[in-house]
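For reference, the chains in residue letters:
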Amino acid sequence: MIPWWTTDFSQSHTAAIEAAFRRRTVVSGSVTREFEQELAETLGVAHAVLTTSGTAALFLALKAVGVGPGDEVILPAHGFIAPAHAVLLAGGSVRLVDVLPDRPLVDPSRTAPAITDRTKAVVAIHLNGMAADIPGLRQAIGSRPIRIVEDGAQAFLSRGRHGLLGADADIATYSLGITKLVTMGEGGFVATNDPEQAEFARRFRNHGVARIGTDHFDRPGFNLRATDFAAALGRAVLADREARAAAVGHVYEEYTVRLGEHPTIQMMPADLSAGELPLWPQAMCEDRDAVVAALAAADIQARPLHHCLADSPHLECQGEFPNAERFSRHGLILPGGTHFTPQNLVSVTDCLSGVVA
């Protein structure tokens, strides 16, 4: 079977984990701190705070900017459920806005009308390495005290016209899960230049204190600490970031060329000249389910894009989101990954050449 995501690990990666064992520290020790420093240096920010997942990182970021009960947070109506769940866990409520017609990114023109006196933050999701319009969102917000949290879960090392996505943010979050460019198996981190936000995130992930056993517990927190073993894997994979980025970029380019003349399947546009890095090769087609079924019959795994978030009843979001619904009906993720082979890519595109749906 050709899976929708292919990645691999080398002897250097396992050796890094073995070295972490020999250090005799397990939870958020010296390896974690070294990895945080390397992540911060990679992005050019002052602080990176490692945690257990991208969802946990986004939760920490929302709490760091003050989201709590009674607050609303604006999200794009298309995307993974994790940002919405992070808002709920932070005590806020979700308010959805539709996405752009050509790319599933938050539409700034629809953001301004969605702002209320309860709006505390806007989560700008750089979905699949595509750059959300941060200047447009800032213009939509104007002088109101609303914070922008940039979600780069699918966009680590992707660039926009102004540099690395999230690097110049008020506060940004990233995922280091298994289907990401750089992975520690499961994990994520908060990136910020604000020392108070960084300290808040460090304490909140550690039951509210800097040091368990000596500090007085005087604020809330959870156990959201990463292990040194996972951080060791992340450090080793980070060292391979340039090769991994080149690999996923090449996969997208090859799909674009090989499917360029396909009558019903079109690759989703990415601004490669600006440095956007499509983590997964995404496409649009009229009868998406027929394409997924045809690939499955050939033992090739593809994934439909996510449902519109308004379809999740527990979010209690109503409204019309035609662009988000269209991406949900017609979008799919083709097989790819950091170690996706040329032979598998030929197999997928050859199969697609016989599918007109």
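Refer to the preceding data block for the structure.
Residues numbered from 1 in each chain as written. Predicted model: local features only at pLDDT ≥ 70, side-chain atom pairs only at ≥ 80, totals over all residues. Heavy atoms only, no water.

**A word on the packing of aromatic side chains**
The description of an aromatic ring pair uses the distance of the two centres, along with the angle that the planes make with each other. The line we're drawing: Any two rings among Phe, Tyr and Trp, with Trp reduced to its six-membered ring, count as a pair given centres within 6.5 Å; such a pair is stacked if its planes are under 30 degrees apart, edge-to-face if over 60, and tilted if neither. Secondary structure follows DSSP: runs of H or I at least 4 residues long count as helices, runs of E at least 2 residues long count as strands, and numbering of each begins at the N terminus. Partly exposed residues are those whose accessible area sits between 20% and 50% of the maximum for their type, while under 20% is buried and over 50% is exposed, using a 1.4 Å probe and protein chains only. We call a charge positioned above a ring when the Lys NZ or Arg CZ atom is no farther than 6 Å from the ring centre and deviates by at most 35 degrees from the ring normal.
Under the definition given, this model contains 10 aromatic pairs. Aromatic side chains Phe 21 and Phe 229 sit 4.0 Å apart centroid to centroid with 15 degrees between the ring planes, which places their arrangement in the stacked category. With Phe 21 in helix α1 (residues 11-22) and Phe 229 in helix α8 (residues 228-238), this pair connects stretches of sequence that are 208 residues apart. Both rings, one in Phe 200 and one in Phe 204, keep their centres 5.4 Å apart while their planes meet at 35 degrees; by these two values the pair is tilted. Note that Phe 200 and Phe 204 are positioned in helix α7 (residues 195-204) at a spacing of four residues, about one turn of the helix. Judged by its relative accessible area of 6%, Phe 204 falls in the buried class. Each member of the aromatic cluster is reached from another via a ring pair, and the members are Phe 59, Phe 200, Phe 204 and Phe 222. Against the face of Trp 4 rests Arg 303, its NZ or CZ located 4.6 Å from the ring centre. In this arrangement the basic side chain of Arg 326 is found over the ring face of Phe 327, its NZ or CZ atom lying 4.8 Å from the centre.

**Topic: the pattern of salt bridges**
Test applied: Think of a salt bridge as a Lys or Arg side-chain nitrogen and an Asp or Glu carboxyl oxygen that are within 4 Å of each other.
Counting across every chain of the model gives 15 salt bridges. In this structure, the salt-bridge partner of Asp 107 is Arg 110, at a minimum N-O distance of 3.2 Å. Owing to a relative accessible area of 9%, Asp 107 belongs among the buried residues under this scheme. One salt bridge connects Arg 161 with Asp 271, and the closest N-O pair in it is separated by 2.8 Å. Of the two residues, Arg 161 sits in the loop between β6 (159-160) and β7 (163-164) while Asp 271 sits in the loop between β10 (265-267) and β11 (282-285), which places them 110 residues apart along the sequence.

By themselves, these observations are geometric and do not establish any function.
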